[in-house]
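# Secondary and tertiary structure notes
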Amino acid sequence: MDGNKLAELIFPNIRGTIAQLEERFPKRELPEGAYVTRFAPSPTGYMHIGGLYAAMISSRLARQTNGVFYLRIEDTDKKRELEGGVQEIIQSLAGYGVEFDEGPFAGGEKAYGPYKQSDRKEIYQICVKELMRAGHAYPCFCTADSLDKIRREQEEKKDDIGYYGAYACCRNLSYEQIEEKVNAGIPYVIRLKAPQAEGKHVVYTDPIRGSIEMPENKMDIVLLKSDGIPTYHFAHVVDDYFMRTNLVVRGDEWMASYPVHKQMFDLCGFQAPDYLHISPIMKMDGTAKRKLSKRKDPEAAVSYYLEQGFPADSVKEYLLTVANSDYEEWHIANPEKSGEDFQLSISKMPVSGALFDMAKLLNVSREMIASFSISECEKQILAWAGIYEPDLYEFAMSHSKQFQETIGLWKMSGKKVRKDVAKWNELMQMFDYLYQPQDKFEQKVTYELDDKYTKEQLKEAVCAYKKDLFLETGEWFEQMKLLGEPMGYCPNMKEYKKHPEDYKGSISDLCSIIRVAVTGHKNSPDLYTIMKVLGEEVVRKRLDQFLSWL
């Protein structure tokens, strides 16, 4: 069949050539060894933690080599696209320090755009027309019913499932047959005419996994759908080539697609990029591992970490421990440096799926928050609480000085840095007595009391303390000793331990009773500072409420 004649029949209005595209999208002038990487999501409004992981790796490898990292939007499926989805992607990644050199945003449209696939339709059709001229593509008029029939026949014969060889009904149609169907308005797709070389294999050297041998593709896959929009497989070949991508970071589930992608690059006459197939982030499900699922696992969504209040640096730090096995060792050896100084190594990336470890993420986050200054904590908490926790935000904004004091409370114990808080949403759980409005505290408080205290003992202690809260003295603990001794509380702990039977309790017991009455909790940071932050009026209300509860 005359490929030129067929190409003109199918694409009568396409006049551009690949040579013109080569001139329009020249090779990038970059330092030797520089990576041109990309992140190519669909604007569906959902960002998977695996997507953030891949984007972070792509970004770092480009930055480390003085290369280019760009955003390409795969928006050919308009039914799934969400309004504002592109901006959501950009903002989500920017929150984790992943920023783009080029892309579909103000200041990002450079010479290699458009960066949305929906705006590149003519580029794809130029390339398919050239494939058709060379005899590597053809129109297929098969209906969904006829394709189902082929599948059922293959299942009965236990043949490979797909459109290939003798099953490719439209592969050998004559020009006249094709022309008749086109003129009759019968819908069609454009398929790749895959070389039929039985037993031939493709050898690929993966930077992580080494040499991999796979059977060559024999399927006549769809290049253009009936609306002229490309499938993912073909669009990525064209886009990666003309955007001059030289390293594609993608999940290892795409490794099986390498033969068909390499075949399309070769048939188009394009230089294929290198592919880095990274291991997925896994989760234990019973005794087996599985991939994190957006349907089953809330932690699969990047939005989960924002809502929970994990500092972005904590998530980045954790993902670095997943990406490179030597990161933690480097971090211990370089405590004064941040994760931004770490040089990511492809050779140190995991071969098998890394197990998502929430306990480890929480530990990383506790260490990170402990390293923040009070002002940095305040800044981050305000940014988070302004969206997710209005009560905390209101307290922080209306009591700025007291709020800073409370941060110091849960960050420091004397000169020692505390590591209790892993994410900002824990603040309202752990320190509700500080940040909840009084009316909500009264409604929700439950008192963590030891059974060793009698109701009479509790009432006596609180009533005695109410007479003078000692909040205006710098000797609060000494005043508590003086208050407790006449009631039978030993002011000396060594003495109490020697003869506990001689006393109602120790001074620590008296302080614990007041602590529970004011906060509801048996354990808290420095009680005197807590009461100073709350103020005398609130403290008295808390004590009265406790007495009413008794």
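This text follows the structure it describes.
Residues numbered from 1 in each chain as written. Predicted model: local features only at pLDDT ≥ 70, side-chain atom pairs only at ≥ 80, totals over all residues. Heavy atoms only, no water.

Our focus in this paragraph is the overall build of the protein. Along its length, the protein carries 25 helices and 16 strands. Relative to the 2.2 N^0.38 estimate, which gives 24 Å for 550 residues, the radius of gyration of the protein is 33 Å and therefore markedly larger than a compact globule would have. Once the C-alpha set of the protein is aligned to its principal axes, its extents read approximately 110 × 50 × 40 Å. Out of the 550 residues in the protein, the part that is buried amounts to 50%. Taking all contacts inside the protein whose residues are at least 6 apart in sequence as the whole, residues at least 24 apart take part in 73%. As presented, the protein carries roughly 27000 Å² of accessible surface, and 49% of it is formed by carbon and sulfur atoms. (Helix = DSSP H or I, 4+ residues; strand = E, 2+ residues; numbered from the N terminus. Rg over C-alpha atoms; globule rule 2.2 N^0.38 Å. Buried < 20%, exposed > 50% of the residue type's maximum accessible area, 1.4 Å probe, protein only. Contact = heavy atoms within 4.5 Å. Areas by Shrake-Rupley, 256 points an atom, 1.4 Å probe, with all protein chains shown as cover.)

Helix length check: helix α13 (residues 358-371), at 14 residues, gives a terminal C-alpha distance of 20 Å against a target of 20 Å (1.5 Å per residue), a fit within 8%. When α13 is considered as a whole, its buried residues turn out to be Leu 361, Leu 362, Val 364, Ser 365, Met 368, Ile 369 and Ala 370. The backbone nitrogen of Ala 359 lies 3.2 Å from a side-chain oxygen of the residue at the head of α13, namely Asp 357. (Expected span 1.5 Å × (residues − 1). Polar contact = N/O pair within 3.5 Å; in protein donor to acceptor, adjacent residues only side chain to side chain.)

Further remarks concern the layout of surface pockets. Its volume calculated, the largest pocket comes out at about 1200 Å³. Along the wall of the largest pocket there are 40 residues; nearest its centre are Phe 39, His 48, Gly 51, Glu 253 and Trp 254. Sorting the residues of the lining of the largest pocket by element identifies β1 (36-39), α3 (49-64) and β8 (247-251) as the ones contributing at least two each. If one sorts the elements of the lining of the largest pocket by residue count, α3 sits on top with 5 residues. The residue inventory of the lining of the largest pocket, partitioned by class, reads 17 nonpolar, 11 polar and 12 charged. (1 Å grid on protein atoms, 1.4 Å probe; cavity = no way out; pocket = protein on both sides within 12 Å on 5 of 7 lines; lining within 4 Å. Points joined across faces, edges and corners; volume = space filled by probe spheres on them. Nonpolar A, V, L, I, M, F, W, Y, C, P; charged D, E, K, R; others polar.)

What follows covers the nonpolar core. By size, the foremost hydrophobic cluster in this structure holds 65 residues, and its most contacted members are Ile 10, Phe 234, Phe 242 and Phe 270. Element by element, the count of residues in this core is highest for helix α5 (residues 121-133), at 7 residues. Setting aside residues up to four positions removed in sequence, Phe 270 forms contacts with Ile 18, Cys 127, Val 237, Tyr 241, Phe 242 and Phe 265. Residues Leu 409, Tyr 465, Val 516 and Ile 530 belong to the second largest nonpolar core, which totals 56 residues. (Core = buried A, V, L, I, M, F, W, Y, C linked by side-chain atoms within 4.5 Å.)

Spatially, β11-β10-β12 is the arrangement adopted by the 3 strands of the open sheet, whose pairing is mixed. For this open sheet the edge positions go to β11 (288-291) and β12 (354-355), each flanked by a neighbour on one side alone. The pairing of strand β10 (residues 281-285) with β11 spans 4 bridges and is classified as antiparallel. Across the sheet, Lys 283 pairs through a bridge with Arg 290, a residue of β11. (Pairing = 2+ DSSP bridges.)

Once that is clear, we can look at the sheet that holds strand β7 (residues 222-224). As summarised here, the arrangement of the 3 strands in space is β3-β4-β7, forming an open sheet in which the pairing is antiparallel. The open sheet has two edge strands with one neighbour each: β3 (137-140) and β7. Taken over all neighbouring pairs, the strand axes of this sheet differ in orientation by 45° on average, direction set aside. In this structure, strand β4 (residues 189-192) lies alongside β7, joined through 2 bridges in antiparallel fashion. Paired with Ile 190 across the two strands is Leu 224, which belongs to β7. (Axes fitted to C-alpha atoms, helices over the stretch in contact; angles between N-to-C directions.)

On β1, burial covers both faces: Val 36 and Arg 38 on one face and Thr 37 and Phe 39 on the other are all buried. Relative to strand β2 (residues 68-71), β1 runs parallel, the two sharing 4 bridges. Considered in β2, the bridge of Arg 38 is made with Tyr 70. As for the winding sense of the linkage, the β-α-β connection from β1 through α3 to β2 is right-handed. (Right-handed = clockwise from strand over helix to strand, strands pointing away.)

Here the focus is the environment of Tyr 163. Tracing the chain through its elements places Tyr 163 in the loop between α6 (144-157) and α7 (175-183). The exposure class assigned to Tyr 163 is buried, which follows from its relative accessible area of 6%. Tyr 163 has contacts with Tyr 138, Cys 140, Cys 142, Leu 147, Ile 150, Ala 168, Cys 169, Cys 170, Arg 191, Met 219 and Asp 220, leaving out every residue within four places of it along the chain. Among the polar contacts made by the side chain of Tyr 163, one reaches the main-chain amide nitrogen of Cys 169 at a distance of 3.1 Å.

With their axes 10 Å apart at the nearest point, α5 and helix α8 (residues 232-242) run at an angle of 105° to one another. For the element pair α5 / α8, the angle class is roughly perpendicular. In this structure, α5 uses Ile 123, Tyr 124, Cys 127, Val 128 and Leu 131 to contact α8, whose residues at the interface are Phe 234, Ala 235, Val 238, Asp 239 and Phe 242. (Parallel < 35°, antiparallel > 145°, perpendicular 65-115°, else oblique.)

The next subject is empty space enclosed by the protein. Evaluated as defined, the whole model comprises 1 cavity of 30 Å³ or more. Considering only enclosed or pocket space, the largest cavity measures out at about 40 Å³ in volume. At the level of elements, α13 and α16 (400-411) are the ones that each hand at least two residues to the lining of the largest cavity. Classifying every residue of the lining of the largest cavity by side-chain character gives 4 nonpolar, no polar and 5 charged.

Turning to the environment of Leu 21, a few remarks are in order. Mapped onto the elements of the fold, Leu 21 is located in helix α2 (residues 18-24). If we skip the residues at most four places from it in the chain, Leu 21 touches Ile 123, Ile 126, Cys 127 and Phe 242.

Okay, unusual backbone geometry next. The step from Gly 113 to Pro 114 runs through a cis peptide bond, and the omega angle for that step is 5°. Considering the arrangement of structural elements, one finds Pro 114 in the loop between α4 (85-94) and α5. For Lys 158, which is not a glycine, the phi torsion comes out positive at approximately 60°. For Lys 158, the location among the structural elements is in the loop between α6 and α7. With a relative accessible area of 73%, Lys 158 lands in the exposed category. Phi angles above zero are rare outside glycine, and Phe 470 is one such case at about 60°. Residue placement: Phe 470 occurs in the loop between α20 (455-466) and α21 (476-484).

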